[in-house]
Amino acid sequence: MSGDSDCTRTSPSAGSPSDNEFLPDRPKYVCSLSPDLITKAREELQEKPEWRLRDVQALRDMVCKDYPSLGTCLDDAFLLRFLRARKFDYDRALQLLVNYHTCRRSWPEVFNNLKPSAIKPVLESGFVTVLPRLDPEGRHVVCIRPDRWTPSNYPITENIRAIYLTLEKLIQSEETQVNGIVILADYKGVSLSKASHFGPFVAKKVIGILQDGFPIRIKAVNIINEPRIFKGIFAIIKPFLKEKIANRFFLHGCDLNSLHQNIPPVILPEEYGGTSGKLDISAWNELLLASEEDFLHDFSQLVLPCDSSPQDMLVSGDADEKQCDDSLRGMKPQLYYCY
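Residues numbered from 1 in each chain as written. Predicted model: local features only at pLDDT ≥ 70, side-chain atom pairs only at ≥ 80, totals over all residues. Heavy atoms only, no water.

Describe the overall build of the chain, with residues and values.
Regarding its fold elements, the chain presents 18 helices and five strands. Contacts in the chain between residues at least 24 apart in sequence constitute 77% of all its contacts with a sequence separation of at least 6. Carbon and sulfur atoms form 53% of the exposed surface of the chain, whose accessible area is close to 16,200 Å². (Helix = DSSP H or I, 4+ residues; strand = E, 2+ residues; numbered from the N terminus. Contact = heavy atoms within 4.5 Å. Areas by Shrake-Rupley, 256 points an atom, 1.4 Å probe, with all protein chains shown as cover.)

Shown next, in the form of structure tokens:
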């Protein structure tokens, strides 16, 4: 399904009603939010249920007018993710959508053949999983454990692929679109050699995706058991994080009491001083692997037309990226100093 055909089919100027009479309808959006979450979305995201489909159509029209070759899915539910992530600001939602595609098309090592079965070794290692219980704010907790990765087994990009698919699965839920997610990263046992794999190129790409290239609200990043080296990494990366995101990082060290102030023990596994039993990665792995066909269908709608290239898309912050490149070149010497 190409972007041109999608836009032709949905543009108000694309022929008379009789011309489009036999074209297939898009899936009809049905809101699954509870009354409380509808109220939360109205208060925090400026989402008005009575205007929701009008807003989606406005974003769709902007895509068709400004980026007819984007090759994106234009279904209501898909576009709604981007509006919610940018509090129904049309221009910012459009930029996020285009950046979403730019990120995917500019990093083939991560996004080619992206499906759960392709990252099964990462899932089985326990590098990334999602805790079974929501936090008190209704948010999923994504648990990342770099010590579970053995660099000789596969490159760091496989870990990024697994995290990305995890986020894609989570964002399918309207509850997650409204509530956001929380990240818990356990850096126990991360050595200098392992940290060095997170170089300037990877750092810039990951920051770009999480801040400006994916429609998810990251409400908190809790770092636990971080070695001294992590403070050096964070000091280098922090200037390139938006202030709002940087303020949501919490470094707890080995202080579980500090962690429990952000994530209650009742939803944490025993490994982190919680009361919900041993950390079990099997349930999330099974859920993600069972979603293979859904991912193949969804990603098949994100097609780069033959007459387009990633450079044709909107890429914001070129000057910032150059500055980030220059500063991150000094990462390795500083890592050795911190270590």
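Could you give me a rundown of the packing of aromatic side chains, with the residues and numbers involved?
Within the structure shown, the criterion is met by eight aromatic pairs. Taking the centre distance of 6.1 Å and the plane angle of 45° together, the rings of Tyr100 and Phe214 count as tilted. Taken together, the residues Tyr100 in helix H5 (residues 90-106) and Phe214 in the loop between helix H11 (200-212) and strand S4 (218-224) connect sequence positions 114 residues apart. Under the relative-accessibility criterion, Tyr100 is labelled buried at 1%. An aromatic cluster is present here, built from Phe78, Phe82, Tyr100, Phe111, Tyr164 and Phe214 joined pairwise through their rings. Arg54 extends its terminal NZ or CZ atom over the ring of Trp51, reaching a point 4.5 Å from the ring centre. Over the ring of Phe299 we find Arg104; its NZ or CZ atom is 4.4 Å from the centre of that ring. (Phe/Tyr/Trp six-rings, centres within 6.5 Å; stacked < 30°, edge-to-face > 60°. Buried < 20%, exposed > 50% of the residue type's maximum accessible area, 1.4 Å probe, protein only. Lys NZ or Arg CZ within 6 Å of the ring centre and 35° of its normal.)

Tell me about the pattern of salt bridges, and name the residues and values.
Scanning the model with the defined rule gives 14 salt bridges in all. For the salt bridge of Arg81 with Glu168, the shortest nitrogen-to-oxygen distance reads 4.0 Å. Of the two residues, Arg81 is situated in helix H4 (residues 76-85) and Glu168 in helix H8 (residues 156-170); the sequence distance between them amounts to 87 residues. Each member of the pair Arg81 and Glu168 is classed as buried. In this structure, Arg84 engages Glu174 in a salt bridge whose closest nitrogen and oxygen atoms are separated by 2.8 Å. Of this pair, Arg84 sits in helix H4 while Glu174 is found in helix H9 (residues 174-179), placing the two residues 90 residues apart along the sequence. Arg84 gets classed as buried once you look at its relative accessible area, which sits at 0%. Here the salt bridges do not stand alone but share partners, grouping Glu47, Arg52, Arg84 and Glu174 into one network. (Salt bridge = Lys/Arg side-chain N within 4 Å of Asp/Glu carboxyl O.)

Read these as geometric descriptors, not functional statements.
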